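Below, each chain spelled out in residue letters.
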Amino acid sequence: MASVNSSEWRAICDKFTNAQNLTDVESRNDPENDPFRSKYKARELLREIYCSLKSFEAGEGEEESGGESSERPVEDPPESGQGEDGLDQAFSRDSPGGLRAAKLGAVEYYLGVNHIDTEELPAGQEHLMNCMKLLERCRVSSDSVSLFIHVRNQLGILWAGRDETEMAQGFLETAESVYQRYMKEDGTPPTDMTEYFTTEEKLLTHQERTKRFELAYTHTKYYLAQVYKNLGQTERAATYCHSTLQRQLQLNQFSPMEWALNAATLSQYYINKGRYMEGRHCLSAATVISGLAGEAPSEAAAEESETERDRRETLRQKRAEIARCWIKYCLNLLHDAKKLLEDNIGELDTDRQEELKRARRGEEEEEEKERKSALLFGSEDTFDSIASLEEKVSSLFPLDFTEARAVFLVGQNYVTQAKDYFLMDGYVTDHIEILQDHSSLFRGLAFFEEDLERRCKMHKRRVDMLEPICNELNAKYYLMIRRQLMFELAEIYNEMMDLKLTLANRQADTQSLDNHTIKKFNHLCSASAKYFQMFLDSLCSPEGKYPEHLEEEVLRPALVARFRVARLYSRLISSEPSVQLENLNKSLENYKYVVQYCEGHPEAVATVNTELELSSEMVGLLPLKINRLKARMALNN
């Protein structure tokens, strides 16, 4: 090999520098009609470097084995990314022959990446496998370990892109084991691949070598997170994703908004697992790190510059998406607390509440213990800001109205932020989903409210935000969303009716119901029945025919709607016997439908066991009540 100070070697180094510049810098300015112009030029320079290295090797009497030109046939990849890669050897400085093979391998690696970048995947794979073959002649040493990891990362990406997930897993896990063993047995800052073609005065510092090597391993972990996710290993994927995000912060190698959105997305995994401390930490870090991207440009600035317009759009959208993740955090915390505290009729179990409050001290100590052992995000600049934001919302289940209200207010604040971007004009689906989440926040808070009148007012707020949207939406384009809204409105009115009935029963203990109370009760009852019926009508064909067979996604909602309509008609209060008879007949008709549908479709029974049992009972009882009413009417006539 030529001396590192010779003119021939300097010429090679200059060519490599030019190839890197063409790939990383010049290619950004390539025209649309020739998008790979700079990368093709870089490829020619890399080929020239390869030929020069081979001629040096031949001139020094090196046997040309394993270093043939890139036209060699494609090697079959080793099983699951394994191969004779020197992993069974001790870590030490490589031999001159091994280092020469590593340099040739590096050129093959860069040619492989070049072909992949220009969408020539088979050729890219060939060059990467040539690199693997050359590395069989090397020890995994400080001179070559970086290349060992980089080439397996690239092959992992390549096979993952072909949906060959297990093949990708093999390459990436081998890269991980190479890193871990090297750090255990050597640990010195290894040579970066670019240094193979760098003159002595331009070699990297130990600090820069370490940073680049750690970044390569960070990429390994990032790609493994994707692989494990695709394999359905969600917990392992989340662990690797969390570790990747932490390493990116430590190395200061991240795009603030991209990092923030990834952290917010990871929070949803923790939230769904009930790990609210980790979920809150991810969201707090996401909010703080997103702030590093700066303020969104003003509307005036966006109108003057396309760049500013794109930047404003990106920042506002991603911050609104992070706000939506915060909403889900608050919603789930309230929902899971409700499940923990409710009795068998869905009301607050005060004995359970007191028991959990007594245990709260231990929970707080456990949370602090878990926090100390957790992998926390942040640097010296951001750690305090993240911790400060975490303190604004609890990660423990709220146990009373005051605690629930604190969670609700945080969620409501993020609803406002999310709606500021996701407007009804342009983001119909997103805007409505946010409104539904806002409604669910009120529902979660209402569970903790002991005053029934105030609880009823909270549900009225839900009606006020959803009813206008439901009535305005075009059923042709937003049928599924309208169905969701109709069903939710029916349930809200039903809940309000039950609350009014409870209040009326308390009043009946001391005085008879007045006309205003009866009128209010009947209004809520009719409104609930109306929206349930609208939902059922939406299932009809264009000719107005109700389906004989209900699809799986609407089976339970449709049967529950029928059951609720039956119950609502039987509860309407009227002094007119003829109206009472009409309501009872409608009630019986809907109870019968539930029973008869389940008789004709036995597979439906499991989805509505409770409703079917009560419907069967009412089908037996209601005819008796109807007959008694008819007899009384006949006697009066």
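Everything numeric here is computed off the predicted structure, so don't read it as measured data. (Residues numbered from 1 in each chain as written. Predicted model: local features only at pLDDT ≥ 70, side-chain atom pairs only at ≥ 80, totals over all residues. Heavy atoms only, no water.)

### Observations regarding the overall build of the chain
Selection criterion: By definition, any uninterrupted DSSP run of H or I lasting at least four residues is a helix, any uninterrupted run of E lasting at least two residues is a strand, and each is numbered from the N terminus. For a compact globule the rule gives 2.2 Å times the number of residues to the power 0.38, and the radius of gyration it is set against comes from C-alpha atoms. A simple rule labels every residue: compare its accessible area, found with a 1.4 Å probe on the protein chains alone, to the largest value its type can have, and call it buried under 20%, exposed over 50%, or partly exposed in between. Working rule for contacts: check all heavy atoms of both residues, and any pair within 4.5 Å makes them a contact. For accessible areas, the Shrake-Rupley method is used with a probe of radius 1.4 Å. Any residue's cover is judged against the shown protein chains and nothing else. Neither His nor the chain ends is counted toward charge; the positive residues are Lys and Arg and the negative residues Asp and Glu. The atoms used to mark charge sites are NZ of Lys, CZ of Arg, CG of Asp and CD of Glu.
Of the regular secondary structure elements, the chain holds 22 helices and zero strands. Rg of the C-alpha trace for the chain: 34 Å, well past the compact-globule value of 26 Å for 637 residues, more than 25% over. A principal-axis box enclosing the C-alpha atoms of the chain has dimensions of 120 × 55 × 55 Å. Among the 637 residues that make up the chain, the fraction classed as buried is 47%. Across the chain, every contact between residues at least 6 apart in sequence was considered, and the portion connecting residues at least 24 apart equals 72%. Surface exposure of the chain reaches about 32,200 Å², of which carbon and sulfur atoms provide 47%. In the chain, 79 side chains carry a positive charge and 109 a negative one; their mean positions are 6 Å apart.

### Re the packing of aromatic side chains
Aromatic ring pairs are reported here in terms of the distance separating the ring centres and the angle at which the planes meet. For clarity, the cut-off: Pairs were defined over the aromatic rings of Phe, Tyr and Trp, the Trp ring being its six-membered one, requiring ring centres within 6.5 Å. Orientation was assigned from the angle between planes: stacked under 30 degrees, edge-to-face over 60, tilted for the rest.
Applying the stated criterion across every chain, the model contains 29 aromatic pairs. With a centroid separation of 5.7 Å and 75° between ring planes, the pair formed by Tyr182 and Phe213 is classed as edge-to-face. Here Tyr182, found in helix H6 (residues 165–185), pairs with Phe213, found in helix H7 (residues 206–230); they are 31 residues apart in sequence, far enough to count as distant. Here Tyr182 matches Phe213 in class, with each residue buried. A ring pair is formed by Tyr421 and Phe422, whose centres lie 4.9 Å apart and whose planes are at 85°; its orientation type is edge-to-face.

### Things to note about the packing of helix H15 (residues 401–421) against helix H16 (residues 428–446)
A pair of packed helices is characterised by two quantities: the angle between their axes and the separation of those axes. For clarity, the cut-off: Lines are fitted to the C-alpha atoms to define the axes, a helix being fitted only along its stretch in contact, and any angle between axes, read from their N-to-C directions, falls within 0 to 180 degrees. Orientation labels follow simple angle bins: below 35 degrees gives roughly parallel, above 145 gives roughly antiparallel, 65 to 115 gives roughly perpendicular, and whatever is left gives oblique. All amino acids are sorted into three groups, where Ala, Val, Leu, Ile, Met, Phe, Trp, Tyr, Cys and Pro are nonpolar, Asp, Glu, Lys and Arg are charged, and the leftover types, Gly among them, are polar.
Where H15 meets H16, the closest approach of the two axes is 9 Å, and the angle between their N-to-C directions is 170°. Considering the angle they form, H15 stands roughly antiparallel to H16. Between H15 and H16, the contacting residues are Phe401, Ala404, Arg405, Phe408, Gly411, Gln412, Val415, Ala418 and Lys419 on the first element and His431, Ile434, Leu435, His438, Leu441, Phe442 and Leu445 on the second. Looking at side-chain class alone, the contact of H15 with H16 contains ten nonpolar, four polar and two charged residues.

### Some remarks on the nonpolar core
As a reminder, the rule being used: The nonpolar core is taken to be a set of buried Ala, Val, Leu, Ile, Met, Phe, Trp, Tyr and Cys residues, with the residues joined through side-chain atoms within 4.5 Å.
Ranked by internal contacts, the top residues of the largest apolar core, which has 118 residues, are Tyr329, Leu550 and Leu559. If one sorts the elements of this core by residue count, helix H12 (residues 306–341) sits on top with 14 residues. Among all residues touching Tyr329, those that are not within four sequence positions of it are Ile271, Tyr276, Gly279, Arg280, Leu283, Val393, Ser394 and Ser395. By size, the runner-up hydrophobic cluster in this structure holds 58 residues, among which are Leu22, Met132, Ala175 and Tyr179.

### Section: the pattern of salt bridges
For clarity, the threshold we go by: Within this document, salt bridges are pairs made up of a side-chain nitrogen of Lys or Arg and a carboxyl oxygen of Asp or Glu, the two lying within 4 Å of each other.
The full count for this structure, using the stated rule, is 34 salt bridges. When the shortest N-O distance is used, the salt bridge between Asp464 and Lys460 registers 2.7 Å. Of this pair, Asp464 and Lys460 are both found in helix H17 (residues 452–472), four residues apart, which corresponds to roughly one turn of the helix. The class for Lys460 is partly exposed, based on a relative accessible area of 36%. Arg462 is the salt-bridge partner of Glu488, the closest N and O atoms lying 3.3 Å from each other. Of this pair, Glu488 sits in helix H18 (residues 479–508) while Arg462 sits in helix H17, and the two are 26 residues apart along the sequence.

### Details of the domain arrangement of the chain
The following threshold applies: Domain start and stop positions are those given by an automatic or database domain assignment.
In terms of domain boundaries, the chain breaks down into domain 1 (256–296 + 306–349 + 373–450), domain 2 (470–543) and domain 3 (555–636). One C-alpha centre belongs to domain 1, the other to domain 3; they are set 43 Å apart.

### Describing the side chain of His115
One can find His115 in helix H3 (residues 96–117). In this structure His115 touches Arg43, Arg47, Glu120, Leu121, Ala123, Gly124 and His127, once residues within four positions along its chain are discounted.

### What to know about the state of the cysteines
Here is the rule we go by: Working definition: a disulfide is two cysteine sulfur atoms within 2.5 Å of each other.
Evaluation of the coordinates by the stated rule reveals zero disulfides. The thiol sulfur of Cys325 is not disulfide-bonded, and the nearest other cysteine sulfur, from Cys282, lies at 10 Å. Under the relative-accessibility criterion, Cys325 is labelled buried at 13%.

### A few points about helix H1 (residues 7–24)
The test is simple: Given a helix with a known number of residues, its expected span is that number minus one, times 1.5 Å.
Look at H1: 26 Å from first C-alpha to last across 18 residues, which is about the 26 Å you get at 1.5 Å a residue. Those residues of H1 not exposed but buried are Trp9, Ile12, Cys13, Phe16, Ala19 and Leu22.

### Some thoughts on the packing of H7 against helix H8 (residues 234–251)
Short version of the rule: Rotating anticlockwise by less than a right angle from the far helix to the near helix defines a left-handed crossing, while the corresponding clockwise rotation defines a right-handed one.
As a packed pair, H7 and H8 sit with axes 8 Å apart at the nearest point and diverge in direction by 155°. Between H7 and H8, the angle falls in the class roughly antiparallel. Two packed elements cross with a definite hand, and for H7 against H8 that hand is left-handed. Every residue of H8 that contacts H7 at Lys211, Glu214, Leu215, Tyr217, Thr218, Lys221, Tyr222, Leu224, Ala225, Tyr228 and Lys229 is listed here: Thr234, Arg236, Ala237, Tyr240, Cys241, Ser243, Thr244, Arg247, Gln248 and Leu251. In the contact of H7 with H8, the residues fall into ten nonpolar, five polar and six charged.

### Digging into the environment of Gly279
By the secondary structure assignment, Gly279 is in helix H10 (residues 276–291). On the accessibility criterion, Gly279 (0% relative accessible area) is buried. Note: C-alpha distance between Gly279 and Asp464 (185 residues apart in sequence) is 31 Å. The residues touching Gly279, leaving out its near neighbours within four places in the chain, are Ser267, Tyr270, Ile271 and Tyr329.

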